[in-house]
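What follows is the residue order along each chain.
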Amino acid sequence: MMITESKIFLPLRVAAQNINPLLMKHELSKKEKDELFEKEFLPHFDSLYNFATYLQSDEEVAKDLLQETYLRAYKFINYYEKGTNAKAWLIRILKNTFINEYRKKSKQPQRVEFEDTYQLVDDSEDEMQNVDLRQEVYKNLVGDEITKAVNSLPVDYRLIILLCDVEGFKYDEIAKIIDVPIGTVRSRLHRARNMLKEQLKDYAEKRGYHS
Amino acid sequence: MQKNEVIIHKQIFTEMDCNEVAQNLQLLVDDELPDETIQEIRMHLENCGGCIEKFEAEMAFKEVLREKICKKCAPGAWLEDVRASVLQVA
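Residues numbered from 1 in each chain as written. Chains lettered and ligands numbered in written order. Predicted model: local features only at pLDDT ≥ 70, side-chain atom pairs only at ≥ 80, totals over all residues. Heavy atoms only, no water.

**Re the overall build of chain A**
- A tally of helices and strands in chain A yields 11 helices and 0 strands.
- The helix and strand sequence of chain A, counted from the amino end, reads α-α-α-α-α-α-α-α-α-α-α.
- Counting only contacts in chain A whose residues sit at least 6 apart along the sequence, the fraction spanning at least 24 positions is 77%.
- Of the roughly 10,900 Å² of accessible surface on chain A, 52% is carried by carbon and sulfur atoms. (Helix = DSSP H or I, 4+ residues; strand = E, 2+ residues; numbered from the N terminus. Contact = heavy atoms within 4.5 Å. Areas by Shrake-Rupley, 256 points an atom, 1.4 Å probe, with all protein chains shown as cover.)

Right, here's the structure in full:
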């Protein structure tokens, strides 16, 4: 029987689940694994916590998500390329854990439907129209209003704003973290920012500023 | 209308128009463009108040998001809890 490529890669793909299946596996001792975990994974704890709480407003659930992320990261530590972008690697695991474990258990089915509706228009490159707001409008907004507006976005859009505008990842890095083509990163980010601007315009108008 | 051209290091750069700049604005703000394209946009921005205003507003928006999106730090004991649970299981 011929062994096809997919048969070679499939077990690795299954084993690695959330990790790029094409990455090399490294044999590491327990001591090396623990060291890697301490030196490269744990320093990103606050960033991961920040992501987890933006994905899950319930603190306890966010803690579970964080714990599960670090457990998986350790479990698949053999596939991590030492000295590369550990934060991106961890966020990728966090995002996949969230989607696999938590989103399907979500108590808000309406919200998922809402997100899916947005995803349908996600890839359309045709509307590169900008929502324009005057600079003064932004400057008068407070952190709470902006955080609230970010939290009101569907999760995929929330995630891309955090990755690009808070963490400063480049488009190619974001594409790898969320498993979409670079063109989708661009259009999703564009749409996310426009949705944010609309939301922030509402807040500003309520406070008496005009766009 | 003839577009402006400049030659830098033997390379010809053609000024973009307002529409082309608008299409590239997001990539410019996110620093995702090659130097040649940035040069072509810059040539236009030097002559167009409307596009400069849009560019500055986009930059200001990105800056506001970076500065004002709340960044929370994990409660002190959480890191120890997670470290202990992971290394215990491992």
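**Observations concerning the interface of chain A and chain B**
- In this complex, chain A contributes 47 residues to the contact, which on the side of chain B involves 35 residues.
- Summing the contributions of chain A and of chain B, the shared interface buries around 3,900 Å²; its carbon and sulfur component is 62%.
- For the pair chain A and chain B, the number of links is 6 salt bridges.
- Between Arg83 of chain B and Glu38 of chain A there is a salt bridge, with the nearest N and O atoms lying 2.8 Å from each other.
- Where chain A meets chain B, there are 16 residue pairs in polar contact (both at pLDDT 80 or more).
- Of all elements in the fold, only helix 2 (30-41), helix 3 (45-55), helix 4 (59-75), helix 7 (135-139), helix 8 (143-151), helix 9 (155-166) and helix 11 (182-206) of chain A reach the threshold of two or more residues within the side of chain A that touches chain B.
- Each residue belonging to the side of chain A that touches chain B can be placed in one class, and the counts come to 26 nonpolar, 8 polar and 13 charged. (Buried area = accessible area lost by both parts, 1.4 Å probe. Salt bridge = Lys/Arg side-chain N within 4 Å of Asp/Glu carboxyl O. Polar contact = N/O pair within 3.5 Å; in protein donor to acceptor, adjacent residues only side chain to side chain. Nonpolar A, V, L, I, M, F, W, Y, C, P; charged D, E, K, R; others polar.)

**What to know about the nonpolar core**
- Ranked by size, the top nonpolar core spans 80 residues in total, and within it Phe41, Leu66, Tyr70 and Leu163 of chain A together with Ile69 of chain B carry the most contacts.
- With 9 residues, helix 9 of chain A is the largest single contributor of residues to this core.
- In contact with Phe41 of chain A, not counting residues within four places along its chain, are Leu36, Tyr70, Ala73, Ile77, Tyr80, Ala86, Trp89 and Leu90 of chain A. (Core = buried A, V, L, I, M, F, W, Y, C linked by side-chain atoms within 4.5 Å. Buried < 20%, exposed > 50% of the residue type's maximum accessible area, 1.4 Å probe, protein only.)

**Comments concerning the packing of aromatic side chains**
- With the rule as written, the count across this model stands at 9 aromatic pairs over all chains.
- Between Tyr49 of chain A and Trp78 of chain B, the ring centres sit 5.2 Å apart and the planes meet at 85 degrees, which makes this aromatic pair edge-to-face. Linking Tyr49 of chain A in helix 3 with Trp78 of chain B in helix 4 (residues 76-89), this pair reaches from one chain into another.
- Residue Tyr49 of chain A is classed as buried on the basis of its relative accessible area, which comes to 4%.
- With a centroid separation of 6.5 Å and 55 degrees between ring planes, the pair formed by Phe76 of chain A and Tyr79 of chain A is classed as tilted.
- The residue whose ring lies beneath Lys197 of chain A is Phe61 of chain B, and the NZ or CZ to ring-centre distance is 5.2 Å.
- For the cation-ring pair, Lys72 of chain B lies above Tyr54 of chain A, with the distance from its terminal atom to the ring centre recorded as 4.6 Å. (Phe/Tyr/Trp six-rings, centres within 6.5 Å; stacked < 30°, edge-to-face > 60°. Lys NZ or Arg CZ within 6 Å of the ring centre and 35° of its normal.)

**A few points about the packing of helix 2 of chain A against helix 4 of chain B**
- One can describe the packing of helix 2 of chain A onto helix 4 of chain B by two numbers: an axis separation of 12 Å at closest approach and a directional angle of 160 degrees. Considered as vectors, helix 2 of chain A and helix 4 of chain B are oriented roughly antiparallel to each other. Helix-helix and strand crossings are classified by hand; for helix 2 of chain A and helix 4 of chain B the assignment is right-handed. Residue-level contacts link Lys30, Asp34, Phe37 and Glu38 of chain A of helix 2 of chain A to Arg83, Val86 and Leu87 of chain B of helix 4 of chain B. (Axes fitted to C-alpha atoms, helices over the stretch in contact; angles between N-to-C directions. Parallel < 35°, antiparallel > 145°, perpendicular 65-115°, else oblique. Left-handed = near helix turned anticlockwise from the far one by under 90°.)

**Describing a negative patch on the surface**
All names here are of chain A.
- Where like charges cluster on the molecular surface, the negative patch consists of Asp58, Glu59, Glu60 and Asp64.
- Along the chain, Glu59 falls in helix 4.
- Glu59 gets classed as partly exposed once you look at its relative accessible area, which sits at 39%. (Patch = residues over 30% accessible without salt bridge, like charges linked within 9 Å, V, L, I, M, F, W, Y side chains within 5 Å. Lys, Arg positive; Asp, Glu negative; His and termini not counted. Charge placed at Lys NZ, Arg CZ, Asp CG, Glu CD.)

**Topic: the confidence of the model for chain A**
Residue and element names in this part refer to chain A.
- Chain-level statistics for chain A give a pLDDT mean of 79 and a share of 73% at 70 or above.
- Looking at the elements of chain A, mean pLDDT is at its lowest for helix 6 (residues 109-122), recorded as 43, and at its highest for helix 10 (residues 171-178), recorded as 95.
- This model gives residues 1-17 a pLDDT under 50, and the stretch forms 11 contacts once residues within four places in sequence are excluded. (pLDDT = per-residue confidence, 0-100.)

**Some thoughts on the pattern of salt bridges**
- Tallied over the full model, the rule gives 17 salt bridges over all chains.
- The partner of Lys170 of chain A in a salt bridge is Glu32 of chain B, and the shortest N-O contact between them spans 3.8 Å. Placement of the pair is Lys170 of chain A in the loop between helix 9 and helix 10 and Glu32 of chain B in the loop between helix 1 (18-29) and helix 2 (35-45), with the two residues belonging to separate chains.
- Residues joined in a network through salt bridges with shared partners are Asp165 and Arg193 of chain A together with Asp30 and Lys62 of chain B.

**Some thoughts on helix 4 of chain B**
Residues and elements named next belong to chain B.
- Turning to helix 4, its buried residues are Trp78, Val82, Ser85 and Val86. Buried residues of helix 4 fall within an arc of 95 degrees about the axis and therefore sit on the same side. With respect to the buried face of helix 4, the exposed residues turned more than 90 degrees away are Gly76 and Gln88. (Arc of directions from axis to C-beta.)

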